[in-house]
Amino acid sequence: MPRDPVNKLLLFGATGDLAQRMLLPSLYGLHADGLLPQGLTIVGAARTEHTDDSYREFAKKALDKFLPEDRKDESAVDTYLQRLAYQPIDMSDFAQFKPLAEKVGDVTGGLAIYLSTAPSLFEAAITGLEQAGLGGPTVRIGLEKPLGYDLASSQEINDAVAKVFPEDRTFRIDHYLGKETVQNIMALRFGNTFFEPIWNARGIENVQITIAETVGLEERAGYYDGAGALRDMVANHILQLLALVAMEPPARYDKTAIRDEKAKVFHSLRRITPEDVGKVVVTGQYGAGASGGEIVKGYTDELGKASDTETFVAIKANVDNWRWQGVPFYLRTGKRLPVRRSEIAIQFKPVPHSMFAGRGGMLQPNVLVIRLQPEEYIQLLVMAKEPGLDRDGVKLREVPLNLSLDAEFAGARRRIAYERLLLDLIEGDQTLFVRRDEVEAQWTWIDSIRAGWSANGTRPKSYASGSWGPSAAIALTERDGVTWQDD
Ligand code: BG6
């Protein structure tokens, strides 16, 4: 992929939580490793009043707080801060885009814009950018979620964006795609020969994808209560993981081949009808309990009002194509669960006949576990014989074949997902960004679930903080004789 770096970056939401925790530290990481183009300047923009200098101080505080100690290098921090400038802006006021454009200056050397804003401000922001001359052919735009809250609103946003930025200059961010282990799914599947022949309905019994969090609402009540777990996590991160597991082998590692294959998976997702939704989707809302070692309040107490927003969802999904016919994909995500863990578990079929049956040996089907976080590893659970003379029968035990990515690549620094994505945005590589047709196919499927909820008046079931969601989530798999991996 030829690099086409820009020499300016405009960061909207520059004083927000994401900027402090992720964006400013990520850009610093790239700067410190000499990966940012020489002379690249970064203009921060947000409502808060700041001068260039006070913004640099603000950024410095964010680095002090969120950079790991071993990454802090005073001279690198100083030169990094010199790249920063700031322009306050109220995005609902078009007139304010003009001084912003003046601050950004000449964009003939290329400008990358990072836009993270409430869906309601999107159209105004795009129009403001265009009117101020920040929409030309040398400008590309990165869009942070939420890109709408259903198909219609996402189309509206995408239409507004497309009027100014064609698809090849539009970078939709799903930060899960920037995670190292997520990209490793492709390496595992398509860089090795042994999985592919059984990576289908003949070899695989079911797939489980879990993103469990211990956090609750955090400071995001306004956004989260209007979104809920289905839109916040399934519509993007979980479906992206599902697509990487389920897609056909792309012909090349490039933006067209990979995104074509993912889009086909989204189009193959079986629509969930209002008749089925109660059987294949479980929703929950956390109540009081203990999570992450603390006593915590229930969702509505945290929120301060009654709410039917789901903080947990578990879904039995199906991909209707030849490869995956009859293979359930069990998906679940929730807040205030017992642990923070993102994981994919591929459960293979049992052996067709067990020669050990009469001799006391119990066989467990093989499972491939891809742990995305907090640890990074790939583990294949295989049957092995316990040492012994076997006079009372052969004793077999499930043992893990471990590939610890943390240990194997111990020398390589783990980058924050945003480092990778910001660098790709700056250099113009769209491979790990989500294309419009993917987003729309994702929403189409999500909307079918929500339509079922409203047709049936579905309300989330309460679950205790620190548990694995409502008991119906356990029943969802148990009915099929399947247990969630590693509860
Ligand atoms: C975000 C969601 O996209 O992902 C949050 O809006 C969630 O609700 C977060 O907490 C999880 O990301 P990660 O990288 O911590 O798993």
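Undergrad: Give me the lowdown on the sheet that holds strand E5 (residues 139–143), citing residues and values where you can.
TA: The strand order across the open sheet built from 6 strands is E3-E2-E1-E4-E5-E6, with neighbouring strands paired in parallel fashion. Of all strands in the sheet, those bounded by a partner on one side alone are strand E3 (84–88) and strand E6 (170–172). On average, each strand axis in the sheet is tilted by 20 degrees relative to the strand beside it, whichever way the strands run. In terms of strand pairing, strand E4 (residues 111–115) meets E5 through 5 bridges, oriented parallel. Considered in E5, the bridge of Ile113 is made with Ile141.

Undergrad: So what's going on with the nonpolar core? Residues and values would help.
TA: Among the nonpolar cores identified, the biggest contains 114 residues, and Leu27, Leu242, Ile315, Phe329 and Trp445 are the most heavily contacted of them. The leading source of residues in this core is helix H8 (residues 221–246), at 14 residues. When residues of this core are sorted by domain, at least three fall in each of domain 1 (8–144) and domain 2 (177–413 + 435–478). Not counting the four nearest positions on each side in its chain, Phe329 is found in contact with Val207, Leu242, Val245, Ala246, Ile315, Lys316, Ala317, Val319 and Trp324. One finds Ala45, Met91, Leu111 and Phe165 within the second-largest nonpolar core, a separate group that totals 28 residues.

Undergrad: So what's going on with the domain arrangement of the chain? Which residues, and what values?
TA: Splitting the chain by domain gives domain 1 (8–144) and domain 2 (177–413 + 435–478). On a C-alpha basis, the centres of domain 1 and domain 2 stand 34 Å from each other.

Undergrad: An account of the site of the ligand is needed here, citing residue identities and associated values.
TA: Near the ligand the following residues occur: Lys145, His175, Tyr176, Lys179, Glu213, Arg220, Asp232, Met233, His237, Lys335, Arg340 and Gln373. At a separation of 2.7 Å, an oxygen atom of the ligand approaches a polar side-chain atom of His237. About the coverage of the ligand: the protein hides 82% of its 400 Å² of free accessible area. Here the shell around the ligand takes 3 residues from H8, the largest share from any one element.

Undergrad: Summarise unusual backbone geometry; cite the residues concerned and give the values.
TA: The peptide bond linking Lys145 to Pro146 adopts the cis configuration, its omega dihedral lying at 5 degrees. With respect to the element layout, Pro146 can be found in the loop between E5 and helix H6 (151–164). Residue Pro374 is bonded to the preceding Gln373 through a cis peptide linkage, with omega at 5 degrees. With a phi close to 50 degrees, Glu218 is a non-glycine residue in the positive phi region. Looking at the secondary structure, you find Glu218 in the loop between strand E7 (204–212) and H8. On the basis of relative accessibility, which here comes to 43%, the residue Glu218 falls in the partly exposed class. Positive phi, normally seen in glycine, also occurs at Asp390, with a value near 60 degrees.

What counts and what doesn't
- Residues numbered from 1 in each chain as written.
- Predicted model: local features only at pLDDT ≥ 70, side-chain atom pairs only at ≥ 80, totals over all residues.
- Heavy atoms only, no water.
- Pairing = 2+ DSSP bridges.
- Helix = DSSP H or I, 4+ residues; strand = E, 2+ residues; numbered from the N terminus.
- Axes fitted to C-alpha atoms, helices over the stretch in contact; angles between N-to-C directions.
- Core = buried A, V, L, I, M, F, W, Y, C linked by side-chain atoms within 4.5 Å.
- Buried < 20%, exposed > 50% of the residue type's maximum accessible area, 1.4 Å probe, protein only.
- Domains from an automatic or database assignment.
- Contact = heavy atoms within 4.5 Å.
- Near = heavy atom within 4 Å.
- Polar contact = N/O pair within 3.5 Å; in protein donor to acceptor, adjacent residues only side chain to side chain.
- Areas by Shrake-Rupley, 256 points an atom, 1.4 Å probe, with all protein chains shown as cover.

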